[in-house]
Every structure is written in structure tokens, then in C-alpha cells.
Amino acid sequence: MSNTKACLILLLAILLSSGLKAQEPIAIGEKHKIASKILNEDREVWIHLPKSYNDSAITPATYPVIYLLDAEINFEYVAPTVDYLSRSPFADMPECIVVGIKNTDRTRDFTPTRSSKKDPNNAAKTLFSNSGGSAVFLRFINEELKPYINENYRAAGYNILVGHSFGGLFAAYAFLQPEKSFDAYIANDPSLWWDNKTVVHLAEKITSHPNHTVFYLGQANNEEKNMLDSEMAHAIAEFRNTVEKHESLRWGYQFYDKDDHGTVSYPATYDGLRFIFNHYKTDIRLVAKEPAALIKAYKAYSDQAGFTFLPSETYLNKIIKFSKDNNFEESHDYFLDLKSHLYQH
């Protein structure tokens, strides 16, 4: 064996016995199984907790919950996106628990009606024959999954639903139901062509929603590649023209000309979360100079959302340090008192 080869082997052995052994995995969540009586099957959910969730240096807090469809596709980028957008002191949104729901039969769960669409190559065959289970799946979320999350985690009671494609169709369907299931919805390139635009026609029958409801629609640029894309674009346009006129609804829409159906969910989810929490962000430099501006801003956002949001203890700690470092003595004392009032250790 040459001296060079022997040195390389020795170096590799040193690396393996020292540095590599010291490495720790980076985990973004845990998998849980829920035995669903409603669906008559076990369902797997992937749960991501905020970075401050287990921080022993602060008072245990409660967090909004994002219910994410198609977990196996979306969880690994949505969870870090939420962490990024909620990082203090530059948070565009509060820290959130992310609950990703893994599929067993997404066509069954995400479609509201039994399909009548025929196979263009075989008129005797109906496409998506195992469809029409949205009502049952929504019951599973409301009656089994939400109670499980609320009992086992510190959920605040503000809930968001995010879905793409058939998942976006389900989000639109849930949004249009008489009973309010979520406070906010993100539907990315939803398959609103489904069953002769049944959800679009449902939207036409509804003129208002529970106060403070938020709906964000992201549409991809599918360039009319085939008949299905044409049906999708037309259905989305009809849905948009109908829903944006609804009373008591905060509505957002964006067309993503650089993204197709397969890529749109990433940027649209990012933008959708920022839209839902528009005006949540405050400027640490401004509130250090004008302490009352912080409470005023959070009250204004809470009034808009119909839910009480408070500055997190983590954010208050950063404002207190910033005020001290920049000699804002009155602000420093103000925020110390506010922290003591809001968070009792």
C-alpha cells in the first residue's frame, strides 16, 4: 500500500471517529397515528412545533395551528417556511403548530361529490370512481383531529387550512360550509373544475361568511396545456369572480406566471401566510421609541382577525434588550412591566 493511500485511510478514520460521530440530526417534526372511527382507518399526522414551544426560559404559550393537506409532499417545506416567517424580532406572523395530514386516499377525501366524469378513451369508464368523501373527511378533522391536537398540544384556537390541487378543492369546499371550520384558508391552484364545477356553483349560492374569515387563492400559469388545464383556469376565474364579492370576507388572490401546477404551492403558501397575517408585523425600532405603538398595533391586528393576538414573550425579551442597548430607559421599564403583566412565571 502506498504512503499516500495509507494517509488517506488514516485521515478518513480520524474523521469518522471524531467529527462525524458528534453530528446530531435536525428534526422538523414527529409522526403520530390517530385511530379514526369516522374514517374507519388509522391516519398518520406529522406535527411540527414552534422553536419556542419547549423553551423553559419563557412562560408556556399557546399557538395557532396550521392544518396542512398532502403532508408527504408539503410538510418538509411548509414547516421551515412557518419558522422563517415567524422568527423574532422580524416576524411576519406568530409562531404556529403545523399539523400535516398524510394521505391514504386523497381522491376520496378531497372531493365533495361522486365523479360523473368519463374517461375520454373509454366512455364506459368513470374516472375517479372512489370519490365524494369530503364531508366525511371534514368531520374527521373537526371531530377527531382537532380535539386530539387541542388535548395534546397548546393550541390557541386560531386555525388555518392549506391545500393544493385536490387539496385546494377541499379547502374551498370547507370554506363554503355553513359551519365555520377554520379562521383562514389557502387554496393553491384548486381543482375547481371538479364534477362540472360543483364547488363553484356552491359558491354562487353563498353571499356572506362568518366575520373575519380570510381566503387566499393562488393560481398557477398552466398555459392551457390541455383541456383539463383549460377547465381549471375557467373554473378558478368563475370562483374568483363570485367569491371576491362576498360580504364579510377578507380575500386575496395572486396569479403566479412563473409557476405551473407542480410548483405553485411553495410561493403561494408563503404569500398566503403573509396575507393572512398582514399588519401583524411591528418594527422593533419604532416600538422602542414609542412603546404604546406595540399594543396599538396588536389590538388593530386582533380586531382585524377577530382573535386576540399578543406579543410573544420572546419578542418582548428582544425589545427589552434592544431598548436597554440603545438607552431607551422609559421603554425598557415599560416593556418589563408589560412582560410581567402578560407572562407570569
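Details of the structure are given in the entry above.
Peer 1: Looking at this structure, how should I read the nonpolar core?
Peer 2: Note on soluble globular proteins: their nonpolar side chains tend to be buried together. Counting 51 residues, the largest nonpolar core has F170, F215 and F239 as the members making the most contacts within it. With 8 residues, helix α5 (residues 166-175) is the single largest residue contributor to this core. Beyond its immediate chain neighbours, meaning those up to four positions away, F170 contacts L69, D109, F110, S134, F137, L138, I141 and L161. By size, the runner-up hydrophobic cluster in this structure holds 42 residues, among which are L85, Y216, Y256 and I320.

Peer 1: Where do I start with the environment of R240 in this structure?
Peer 2: Counting through the fold element by element, R240 comes out in helix α7 (residues 227-243). Using a relative accessible area of 30% as the deciding quantity, one classes R240 as partly exposed. Here the alpha-carbon distance between R240 and Y253, two residues 13 residues apart in the chain, equals 8.2 Å. In contact with R240, other than residues within four places in its own chain, are L217, W251 and Y253.

Peer 1: Looking at this structure, I do not really get the pattern of salt bridges. What am I missing?
Peer 2: Side chains carrying opposite charge are able to pair once their charged atoms draw close together. The final tally for this structure, using the stated rule, is 15 salt bridges. Note that R108 is salt-bridged to E41, the shortest N-O span being 2.8 Å. Of this pair, R108 sits in helix α3 (residues 106-110) while E41 is found in strand β2 (residues 41-48), placing the two residues 67 residues apart along the sequence. Measuring nitrogen to oxygen at the nearest pair gives 4.0 Å for the salt bridge that ties K339 to E313. In this pair, K339 is assigned in helix α12 (residues 329-342) and E313 in helix α11 (residues 313-325), connecting sequence segments 26 residues apart. Among the charged side chains, a network of salt bridges with common partners joins E41, R43, R108 and D109.

Analysis parameters
Residues numbered from 1 in each chain as written. Predicted model: local features only at pLDDT ≥ 70, side-chain atom pairs only at ≥ 80, totals over all residues. Heavy atoms only, no water. Core = buried A, V, L, I, M, F, W, Y, C linked by side-chain atoms within 4.5 Å. Buried < 20%, exposed > 50% of the residue type's maximum accessible area, 1.4 Å probe, protein only. Helix = DSSP H or I, 4+ residues; strand = E, 2+ residues; numbered from the N terminus. Contact = heavy atoms within 4.5 Å. Salt bridge = Lys/Arg side-chain N within 4 Å of Asp/Glu carboxyl O.

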